[in-house]
Amino acid sequence: MDVELIRLTKRYGGTLAVDAIDLKVPSGAYCCLLGPSGCGKTTTLRMIGGHETVSGGDVVIGPKAVGDATPAQRGTAMMFQSYALFPHLTCRDNVAFSLRMRGMGKAERRAKAMAMLDLVQMAHLADRLPAQLSGGQQQRVALARALVTGPKVLLLDEPLSALDPFLRVRMRVELKRIQAELGLTFIHVTHSQEEAMALSDLVVVMNAGRIEQAADPRTVFERPATAFVARFIGGHNVITLPDATIAVRADRMRLGAEAGDGAVPARVVAVEYQGTSVHVGLEAEGLSPSGGGASPVTAILSDGAYSARPVALGDVIPLGWDASAAHRLQA
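Residues numbered from 1 in each chain as written. Predicted model: local features only at pLDDT ≥ 70, side-chain atom pairs only at ≥ 80, totals over all residues. Heavy atoms only, no water.

Once that is clear, we can look at the packing of helix 2 (residues 91-101) against helix 3 (residues 106-119). In contact at an axis separation of 8 Å, helix 2 and helix 3 are set at 125° when each is read in the N-to-C sense. On the basis of their axis angle, the class for helix 2 and helix 3 is oblique. For the pair helix 2 and helix 3, the crossing hand works out as right-handed. On helix 3, the residues touching Cys91, Arg92, Asp93, Val95, Ala96, Leu99 and Arg100 of helix 2 are Arg109, Arg110, Lys112, Ala113, Met114, Met116 and Leu117. Here the residues of the contact of helix 2 with helix 3 are counted per class, giving eight nonpolar, no polar and six charged. (Axes fitted to C-alpha atoms, helices over the stretch in contact; angles between N-to-C directions. Helix = DSSP H or I, 4+ residues; strand = E, 2+ residues; numbered from the N terminus. Parallel < 35°, antiparallel > 145°, perpendicular 65-115°, else oblique. Left-handed = near helix turned anticlockwise from the far one by under 90°. Contact = heavy atoms within 4.5 Å. Nonpolar A, V, L, I, M, F, W, Y, C, P; charged D, E, K, R; others polar.)

Here it is as structure tokens:
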């Protein structure tokens, strides 16, 4: 089901948390709201789900404006950052609880709960209590509980943040599989650039209550709209020239003999080995955001390229980039 935000605004007293944003999430899309802490992404998610009142604008889900509707009337379900499973109930009964509150018969609700546990590959642990589960298993149960009521839109508030890095990657795969299998609209809040890139069809980068850019992951990475997006997404150098501010991907910077025409001298200030690549930090005169002084610039070289032409701290070498690699940013 489509979700559309129209001039959506949230104020807390004199503080503007979400500033008249417009956004359309197509039906069946996986959308990630991405940004630093305090940018308004969780407040936006909570307004979509009806867990936060709207100060201005509207939320439209499918054909209906739902600004005054309760969470239960919106066709949404929310998976919170804290899984909040009932400690005294089994996995099956945790998942079936909302169906029980709706008056569904015991046999039917247990069957539906088991179907959802099977979807998240937890049916074999249906009789365990939450304390007997790992963090990843608890997350799967919480996901099944959110899905069992048959929502058209699933809202996820940093659902992977409590997991260790290895399990986080596994659960990303599972979330994407389940979303594709069910064909639901997922709106997922995260502060992880990697998570947003891996999961989403639509990345919405937020800053200070506004949307800086909303596009598919490749577009956001290849063509960031603003300096904020380029810096937050990472992997880019933001460089101010006399007539423009540009972003150049760090892996497209050129060093030494490959720097080409227009190269500038740069001093090597850091060398970090990252396995498949080496990150070289440099300071170059005249490339700072203010247009003067020395600016930190990163060049990412493959391990093979660095091994063939290593550099050392303190070396002064030519630094440049291909004109085709430079992307002009909005003011």
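The subject of this paragraph is the sheet that holds strand 12 (residues 244-249). Reading across the sheet, the three strands line up as 11-12-18 and stay open at both edges, with antiparallel pairing between neighbours. Edge positions in the open sheet fall to strand 11 (236-241) and strand 18 (326-328), since each of these has one partner strand only. Across the sheet, the mean angle separating the axes of adjacent strands is 30° when strand polarity is ignored. (Pairing = 2+ DSSP bridges.)

The element strand 12 is extensively covered by neighbouring structure, given that five of its six residues are classed as buried. Alignment of strand 11 against strand 12, held across six bridges, turns out to be antiparallel. For Thr240, the partnering residue across the bridge sits in strand 12 and is Thr245. As paired strands, strand 12 and strand 18 are joined by three bridges and run antiparallel to one another. For Ala247, the partnering residue across the bridge sits in strand 18 and is His327. (Buried < 20%, exposed > 50% of the residue type's maximum accessible area, 1.4 Å probe, protein only.)

What follows deals with the layout of surface pockets. Looking at the largest pocket, its volume works out to about 580 Å³. Taken together, the elements giving at least two residues each to the lining of the largest pocket come down to strand 6 (76-79), helix 2 and helix 4 (135-147). Looking at which element gives the most residues to the lining of the largest pocket, the answer is strand 6, with four residues. The class makeup of the residues in the lining of the largest pocket is 13 nonpolar, nine polar and two charged. (1 Å grid on protein atoms, 1.4 Å probe; cavity = no way out; pocket = protein on both sides within 12 Å on 5 of 7 lines; lining within 4 Å. Points joined across faces, edges and corners; volume = space filled by probe spheres on them.)

Pairing in this open sheet of four strands is antiparallel, and the strands run 2-1-4-5 from one edge to the other. Single-partner strands in this sheet number two, and they are strand 2 (15-25) and strand 5 (64-65). Here strand 4 (residues 56-61) pairs with strand 5 via two bridges, running antiparallel. Among the inter-strand pairings, Ile61 is bridged to a residue of strand 5, identified as Lys64. Sitting on the sheet, helix 1 (residues 41-49) touches strand 1 (3-12), strand 2 and strand 4, and the angle it makes with strand 1 is about 115°.

Of note, Thr185 is situated in strand 8 (residues 185-190). By relative accessible area, Thr185 is classed as buried at 0%. Within polar-contact distance, the side chain of Thr185 engages the backbone oxygen of Met1 at 2.9 Å. Thr185 has contacts with Met1, Val3, Val25, Pro26, Ser27, Gly28, Ala29, Lys152, Val153 and Leu154, leaving out every residue within four places of it along the chain. (Polar contact = N/O pair within 3.5 Å; in protein donor to acceptor, adjacent residues only side chain to side chain.)

Here the structure, examined in full by the defined rule, presents 14 salt bridges. A salt bridge links Arg249 to Glu222, with the shortest nitrogen-to-oxygen separation between them at 2.6 Å. Separated by 27 residues along the polypeptide, Arg249 in strand 12 and Glu222 in helix 7 (residues 217-222) bring together distant segments of the chain. Among the ionic contacts, a cluster of salt bridges with common partners joins Arg140, Glu174, Arg177 and Glu181. (Salt bridge = Lys/Arg side-chain N within 4 Å of Asp/Glu carboxyl O.)

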